[in-house]
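Descriptive analysis of the structure
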Amino acid sequence: MAQWVHMSQLIQRLPDETVNSLYPPNAFPIEVRHFLAEWIENQIWDNFVPEKVEQESQARALLDQIINMLQSIAQQNANVVDRMKLMQISRNMVGGLSHSDWDLDPLPNKAVHYAYSECPAQIPNPSQYQQQPSREPSFPNMQDVDVVVLKVLEVQGCRQKLHQLQEELNWERQNYEGLQGDSFDYTYFVIYIFQRLSKRIHLLQESVSCLDQCQTRLVSKLKAWRWEQHKAAIGHPFDENLNPLQTWCEQLLGVNGKLRQELMLIPDPIPELQERLGKLLQVLIQNSLVVDKQPPQVIKTQSKFSTTVRYLLGEKVAPGKPVLLKAQIINELQARNLSTVPGDNVGELINNTAILEHNSASKSTCANFRNMSIKKIKRADRKGSESVTEEKFALLFSTEITITGCDTPYRIQTISLPVVVIVHGSQDNNALATIIWDCAFSEPDRLPFVVPERVPWRLMYSTLNSKFTSEVQTQHNLDHYNQHFLAQKIFDKPDFADDFSHMMVSWAQFNKEVLPGRSFTFWQWFEGVMELTKKHLKTYWSEGLIFGFIGKQHLHLILKDRPNGTFLLRFSDSEIGGITIAYVSASENGGQKIQNIQPFTKRDLEIRSLGDRIRDISHITYLYPEYPKNEVFKKFYSGDGLNAHCQCHVLKVKVRLTTNALSPSFFLCFLWSRASTIICWRLHPCVTAYQSGHVREYLF
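All values reported here derive from a predicted model rather than from experimental measurement. (Residues numbered from 1 in each chain as written. Predicted model: local features only at pLDDT ≥ 70, side-chain atom pairs only at ≥ 80, totals over all residues. Heavy atoms only, no water.)

1. A short note on the overall build of the chain
A tally of helices and strands in the chain yields 21 helices and 24 strands. The burial tally for the chain puts 45% of its 700 residues in the buried class. The contacts in the chain between residues at least 6 apart in sequence include a share of 64% that link residues at least 24 apart. As displayed, the chain offers around 37,500 Å² of accessible surface, 51% of which is attributable to carbon and sulfur atoms. (Helix = DSSP H or I, 4+ residues; strand = E, 2+ residues; numbered from the N terminus. Buried < 20%, exposed > 50% of the residue type's maximum accessible area, 1.4 Å probe, protein only. Contact = heavy atoms within 4.5 Å. Areas by Shrake-Rupley, 256 points an atom, 1.4 Å probe, with all protein chains shown as cover.)

Now the structure itself:
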């Protein structure tokens, strides 16, 4: 029974189809192996061969024992499910036993065969069946290649058998004629050889079809890899490892070469198979050129950038003349007509050539363009209100290559993901919006570089969340409150109760039209928040200390019943890249009111951190809903303690209460070791002097 204990652990890591092949439900269900484990392992199976019909009686006797034991175990089993299952299995075995035709299908031999078939050599290695992610796997199943290779081996075996038969025929004819003096009647041999030749041709046809199917799946996987690379720009996970795909490309190239050789050894050529293999070879060679490391998708003229192009059949390139790859920039119209060499030169690229070089350590063959630059760009006529940051280009990489074993060279090419070319850094934000929209909402196999004008809000929110979390490098996603406020913002709907799930967002709403009452678009505002969080607020956000995107209506709703001093951190909706503190304070009539401190920007947080600013403001005491401020933010406080024996300077925050809003005032304190007076200079137009413990404020 020890063997079954070991097997039961192994099969937990095997795929279902492998387990079914070990224990076919129609011949030897896994329940039989489980309940009869001890009996099966105690039998002597050494002399039992299931293919021998003469052992039918022995097999029948063993099968009878299995049926009887199953019925006995079923009757004694207290579990009704197991009892019913075992009885059903035993009935199926009895039925199969009574209806089998022993001359054609020795059922007992087959069924009993599975009882002894678990020798170590027959048990699959579970390491090759590691649990895969639930999504579509990034790389092809190498078993597809194995099937093609086995087909080729079968073709080769058939050819060798034919050659052997031909030699035997020649030998027999020579001996017969030499001994008898009469002509040899070799009709039977000719017929048999013809049958074998027909089988060989049939196997060749099957092999080519199998290669075609396998290569189609490979090309599909290469497209899927490029698609995932495209989606990575908006934060989707992406496994950039190309080695498995390279292995598959190389193996299919080898299979294609062997099949072409087999066709050449047939007395009468088969043009249709030769043509089909030729087309498959061309498709494989052309699809093996991949942009491994994409160029930046927003490129500023006169600026250096790099990119890497990899050839997956690099080890099969014919030795001799180096392979030189050339890059050129093409526009959208040229990208749609890659069947012809682009005519007009729409841009001038510097350092636009690189040699394919093989790296023996990584087993990759790449052309590295390290110091490329766009010197100038020729733009197309713009339509309507289209801006230069909405125009998309691409880099086209091309070369002529010769593969070992192939007589003619092949022209191969591939293009990069879309890029937007800018001439000034101020265009970067709008250009990035074009790329985000393209990466998020383009369709596979689209006409370059077509994108929809409107998309569902749910897709837009998913894109914003993916981009935000990947850019900030955090696991803390935007929540449903953030989602609702972003919808309110982009649709200009102030009502907190609105449902936006079925609404459509247009490109104009995303980054064409400015937000009502503002001088910036939705994307410009969102990207500013993302940059601020990435550079100054990552830890605060990741630990859930920042509420983030929330409208004023919702803000008042959740803070209205909170005690004075309760506060939360929210991103400013009035300026780009700002975070503000909203908190509950006492009103003049003894009630409560919600105050919002003037937003802190990137420049403010470079001077003094958010944690220190929160510590400086004594009016705020509890982070919403009720976390003590000093406990939550203590680790973000810097060591600002004043020392009477040293000279130092500290920037602090002072909040001046007004009837309308709270305004942060900043002052720089200089502490001198022998001075009795601390002079404070505020960055706002007022001066406060602290002397002998008294405070006086002077306004200009």
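From this point on, the discussion continues.
2. What about the sheet that holds strand β10 (residues 410-415)?
Read across the open sheet, the 4 strands follow the order β6-β4-β9-β10; overall the sheet is antiparallel. The strands lining the two open edges of the sheet, one partner per strand, are β6 (353-355) and β10. Pairwise comparison of adjacent strand axes, ignoring direction, gives a mean angle of 25 degrees for this sheet. Strand direction decides the pairing type here: strand β4 (residues 324-331) and β6, joined by 3 bridges, are antiparallel. (Pairing = 2+ DSSP bridges. Axes fitted to C-alpha atoms, helices over the stretch in contact; angles between N-to-C directions.)

3. As for the pairing of strand β16 (residues 592-596)
In the sheet, strand β15 (residues 578-586) pairs with β16 via 5 bridges, with the strands oriented antiparallel. Bridge assignment links V584 to a residue of β16, and that residue is I594. Between the end of β15 and the start of β16, which pair antiparallel, lie 5 residues, with G590 showing a positive phi angle near 90 degrees.

4. What to know about a nonpolar patch on the surface
On the surface, a nonpolar cluster with roughly 300 Å² of combined accessible area is contributed by V80, V81 and M84. Relative to the elements of secondary structure, M84 occurs in helix α6 (residues 80-99). (Patch = residues over 30% accessible without salt bridge, like charges linked within 9 Å, V, L, I, M, F, W, Y side chains within 5 Å. Salt bridge = Lys/Arg side-chain N within 4 Å of Asp/Glu carboxyl O.)

5. Describing the nonpolar core
Within the largest apolar cluster, 64 residues are counted, with the highest numbers of intra-cluster contacts made by I285, Y311, L325, F369 and I401. Examining the composition of this core, we find that 9 residues originate from one element, helix α9 (residues 187-231), more than from any other. Shared between two domains, this core takes at least three residues from each, and those domains are domain 2 (142-286) and domain 3 (294-441). Listed in part, the 63 residues of the second largest apolar core include F441, F549, F571 and I597. (Core = buried A, V, L, I, M, F, W, Y, C linked by side-chain atoms within 4.5 Å. Domains from an automatic or database assignment.)

6. Some words on the packing of helix α13 (residues 428-441) against helix α17 (residues 522-542)
Describing two packed helices takes the angle between their axes plus the distance from one axis to the other. At a minimum axis separation of 10 Å, α13 and α17 run at an interaxial angle of 100 degrees. Looking at the two axes, α13 sits roughly perpendicular to α17. Here α13 contributes N429, N430, L432, A433 and I436 to the contact with α17, which in turn contributes W523, Q524 and E527. Considering only residue class, the contact of α13 with α17 consists of 4 nonpolar, 3 polar and 1 charged. (Parallel < 35°, antiparallel > 145°, perpendicular 65-115°, else oblique. Nonpolar A, V, L, I, M, F, W, Y, C, P; charged D, E, K, R; others polar.)

Read these as geometric descriptors, not functional statements.
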